[in-house]
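Chain residues, written in single-letter form:
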Amino acid sequence: MNDVLPDEVGGWQRIERAYARTMSLHGFREVRTPYVEPTALFVRAIGEVTDIVEKEMYSFEHHGEALTLRPEGTAGAARAYVEHAVHAREPVTRWWYMGPMFRAERPQRGRYRQFSQLGAEIFGDEGPGCDAEMIDMLVGFLGELAIPGVEVFVNSLGGPDTRARYREALVQHLTPRSAELSAESQRRLATNPLRILDSKDERDAAAVRDAPELHEFLDEADRRHFDRLRAALDALGTPYTVDARLVRGLDYYTRTLFEIRGAYEKLGAGSTLLGGGRYDRMVSDLGGTQVPAIGFAAGLERLLIASDVTAASNTVDAIVAPLGDAAISAALVLARELRRSGVRCDVDTRGSSLKSQLRRANALGAKVALILGESELSGNVVQVKDLEARSQDLVPRDQTVRTVAARIAAGPPASGDPVAPPSRREDPAQ
Ligand code: HAM
């Protein structure tokens, strides 16, 4: 679990803002669910025999209630959807969320015990069109973050009957080879054999190489759904690869499954940027009516590593530099007016020398220094030093805020920020 220090927070915020913008362009609304839910919710939704439920949940008992820090966002979103009978108000619901998730995994680059996810869920749309829209939206979002080498992998798991039949065939194929499997997969053979398909262990990969393919087991409706998804992606011009071995680590998926990988050099080949899929049975399994659903989640830390996003380095636009004790309160008044006009500024109230205040202006990335000494106070003027143009003017006090606000507004925008800065407010005092 990591601290995110102020130097890094800017990068996080840029990704969060870009995500919120993408979501609103696609008609999603933000939902915020609790970080703690009953343990039974995750066991039921994610599946008893999954890495998350078996090994990775932070669970505890409180006054006899079994609780868990959420390892992911889908179960909580579906619980909220059912609990508030949202289906009765809207035929289709599009929700997004972001926030911390908790999994007790072995930490490594891009894998943490508290990590942040950007996610979204669509309830009430069964068609493969919205699956394609979601995948295409995500490719666009990763493009906006300038993440290199983005690749989309899709698969279809079919419905529960398909999976049951496939599971049987896979067990039949693997049982005679069980001695060659890793210890973990030997155990999985009895509990969750599908997970052996995406094991990273060489021995398992060899054993599943000529195993039957899930696609051979899809029924007619599942196959049509998958074909239509592929046709929609083709029509959108979104490249993808069908990966028949893609199963993913959560048990709730039905039909469409996808993963997006990229930035291999920075993240390593195993790291997925985001993953998602359809879970058409979760809402009814949690006690709701039969409502189909699809969603995804991306690891924010991984996006950050992959995208090299850095925040604009300037913390303030201006500093107000009082020289001598008498100027300090005048400087506070001036700074207050500047802030009301939307100019971010810092005032040094320690009685520092001009040299030290200008050094601080530089460290904070200020474009302008407003100097207020005894002579400026008595002349009712302010010395406005443009730190970029290296010029200096004496500006009448009553024109200072307007002049500085205009100069800051005319300056170059923070480079590459996907979201425009908030518009500057008029200063009522001007
Ligand atoms: P997931 O594949 O478990 O899916 O996680 C989604 C993404 O979260 C991963 O691709 C990865 O980027 C990030 N992630 C997962 N674990 C960690 C970790 N320990 N450290 C850093 N990042 C991590 C889900 O969570 C599903 N709820 C996605 C979904 C939504 N499916 C349908 N709707």
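Just so it is clear, the model here is predicted, and its values are computed rather than measured.

Student: Can you tell me about the environment of Gly295, naming the residues and giving the values?
Tutor: With respect to the helices, strands and loops of the structure, Gly295 is situated in strand E11 (residues 293–299). Note on Gly295: relative accessible area 4%, which makes it buried. In the structure, Gly295 is positioned 38 residues away from Leu257 in sequence and 9.6 Å away in space, judged by C-alpha atoms. The residues touching Gly295, leaving out its near neighbours within four places in the chain, are Ala120, Glu121, Met134, Phe258, Gly276, Gly277 and Tyr279.

Student: Requested: an account of the nonpolar core, with residues and values cited.
Tutor: Counting 90 residues, the largest nonpolar core has Ile15, Phe123, Met134, Phe141, Phe258, Phe296 and Leu303 as the members making the most contacts within it. Sort the elements by how many residues they give to this core and helix H5 (residues 128–144) lands first, with eight residues. Setting aside residues no more than four positions away along its own chain, Phe123 makes contact with Ala77, Ala78, Tyr81, Pro91, Val92, Thr93, Trp95, Tyr279, Val283, Val291, Pro292 and Ala293. Within the second largest apolar cluster, 20 residues are counted, among which are Ala327, Ala331, Cys345 and Val384.

Student: Requested: an account of the site of the ligand, with residues and values cited.
Tutor: Around the ligand sit 26 residues, and of these Glu72, Glu105, Glu121, Arg248 and Tyr253 come closest. At 3.0 Å, a backbone N or O of Gly299 approaches an oxygen atom of the ligand. The fraction of the free accessible surface of the ligand (660 Å²) that becomes covered by protein chains is 96%. Its residues assigned to classes, the shell around the ligand shows ten nonpolar, nine polar and seven charged.

Student: If you had to explain the packing of aromatic side chains to someone new, which residues and values would you point to?
Tutor: How two aromatic rings sit relative to each other is given by the distance of their centres and the angle of their planes. Per the counting criterion, the structure on display carries ten aromatic pairs. Ring centres of Tyr81 and Phe123 lie 4.2 Å apart, and the angle between their planes is 15°; on these two criteria the pair is classed as stacked. Residue Tyr81 is found in helix H4 (residues 74–83), and its partner Phe123 is found in strand E6 (residues 114–123); the two are separated by 42 residues along the sequence. The class for Tyr81 is buried, based on a relative accessible area of 1%. For Phe123, a relative accessible area of 0% gives the class buried. Pairing Phe123 with Tyr279 gives two aromatic rings, centres 6.3 Å apart and planes at 85°, and the pair type is edge-to-face. Linking Phe123 in strand E6 with Tyr279 in the loop between strand E10 (272–278) and helix H11 (282–285), this pair joins segments that are 156 residues apart in sequence. No difference in accessibility class separates Phe123 from Tyr279, as the two residues are buried. One aromatic cluster in this structure is built from Tyr81, Trp95, Phe123, Tyr252, Tyr253 and Tyr279.

Cut-off values and rules
- All chains use their own residue numbering, which begins from 1 and follows the written sequence.
- At least 70 in pLDDT is required for a residue's local features to be given in this predicted model, at least 80 for side-chain atom pairs to be given and counted, and no such filter applies to totals for whole chains, interfaces and linings, which use all residues.
- Excluded from the side-chain calculation are hydrogens and water; included are all heavy atoms of the structure.
- Helix and strand definitions here come from DSSP, where helices need a minimum of 4 consecutive H or I residues and strands a minimum of 2 consecutive E residues; each element is numbered from the N-terminal end.
- Throughout, exposure labels follow a simple rule: accessible area from a 1.4 Å probe, protein chains only, divided by the maximum for the residue type, with under 20% read as buried, over 50% as exposed, and the rest as partly exposed.
- A contact between two residues is defined here by any heavy atoms of the two lying within 4.5 Å.
- Nonpolar cores are built from buried Ala, Val, Leu, Ile, Met, Phe, Trp, Tyr and Cys residues. Side-chain atoms within 4.5 Å join them into one set.
- Throughout, the term near means that a residue has one or more heavy atoms lying within 4 Å of the molecule or strand in question.
- In the analysis that follows, any N or O atom pair within 3.5 Å is treated as a polar contact, provided that within protein one partner can donate a hydrogen and the other can accept it, and provided that, for residues neighboring in sequence, both atoms belong to side chains.
- Computed with a 1.4 Å probe, the accessible areas rest on the Shrake-Rupley method; for each residue, only the protein chains presented here act as cover.
- Throughout this entry, Asp, Glu, Lys and Arg are counted as charged residues, while Ala, Val, Leu, Ile, Met, Phe, Trp, Tyr, Cys and Pro are counted as nonpolar. The remaining residues, Gly among them, count as polar.
- Centres within 6.5 Å are what make two rings of Phe, Tyr or Trp a pair, Trp counting through its six-membered ring; a difference in plane orientation under 30 degrees is then read as stacked, over 60 as edge-to-face, and the rest as tilted.

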